Amino acid sequence: QVQLVESGGGLVQAGGTLRLSCVGSGRIFTIFAMGWYRQAPGKERELVARITNDGRTTYLDSVKGRFTISRDNTNTQSMVYLQMNSLPVEDTAVYHCNAIVYGAKNYWGQGTQVTVSS
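The structure reproduced in this document is the subject of the present report. (Residues numbered from 1 in each chain as written. Predicted model: local features only at pLDDT ≥ 70, side-chain atom pairs only at ≥ 80, totals over all residues. Heavy atoms only, no water.)

With respect to the state of the cysteines
The line we're drawing: Only a pair of cysteine sulfur atoms within 2.5 Å qualifies as a disulfide here. Numbered from the N terminus, helices here are DSSP runs of H or I no shorter than four residues, and strands are runs of E no shorter than two.
Tallying each qualifying case throughout the model produces one disulfide. Each disulfide pairs two cysteine sulfurs, and for cysteine 22 the partner residue is cysteine 97, the sulfurs being separated by 2.1 Å. What sets the handedness of the cysteine 22 and cysteine 97 disulfide is the S-S torsion sign, and at about -85 degrees it is left-handed. One end of the pair, cysteine 22, is in strand 3 (residues 18-26); the other, cysteine 97, is in strand 9 (residues 93-101), with 75 residues separating them in the sequence.

Structure below.
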């Protein structure tokens with residue numbers, strides 16, 4: 001089991017910045033990728049960014065150049081961060097931390113609300 005806890009969401013004006021953090025605990029040695037998904041009202045959940053253990057990154061086209069995903073690890077925790085810059089209103093959503101473990105099982109955080117006001 002892997003437990004994920006997000007923080008860092010909130011309300012920001014268009015053009016502003018936010019940094020999301022996610023702390024993973026439990027069987028972190030089974031994780032091979034961590035990332036962020038988001039879901040806006042009336043829309044499907046979509047992958048925003050993902051980073052693998054060897055540092056390979058994947059980004060949603062609309063966030064390339066504005067968002068940066070990074071990871072850090074300790075002996076007992078695995079962290080993933082999402083630096084979000086130049087936020088437009090369209091980035092408003094609930095952002096969920098995700099971890100993929102070997103065997104392709106997904107774990108999810110509870111989500112953190114990001115609201116970008118015009």
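Some thoughts on the pattern of salt bridges
Quick note on the threshold: For this document, the term salt bridge refers to a Lys or Arg side-chain nitrogen within 4 Å of an Asp or Glu carboxyl oxygen.
Scanning the entire structure with this criterion turns up five salt bridges. The partner of lysine 64 in a salt bridge is aspartate 61, with the nearest N and O atoms 3.0 Å apart.

Comments concerning unusual backbone geometry
The phi angle of most residues is negative, glycine excepted, and most peptide bonds adopt the trans form. Going by this rule: Burial classes follow relative accessibility: with a 1.4 Å probe on protein chains only, a residue under 20% of its type's maximum area counts as buried, one over 50% as exposed, and anything between as partly exposed.
Non-glycine residue serine 86 carries a positive phi angle of around 50 degrees. The partly exposed category is assigned to serine 86, whose relative accessible area is 45%. Despite not being glycine, alanine 104 has its phi angle at roughly 70 degrees, a positive value. Tracing the backbone shows alanine 104 in the loop between strand 9 and strand 10 (105-108).

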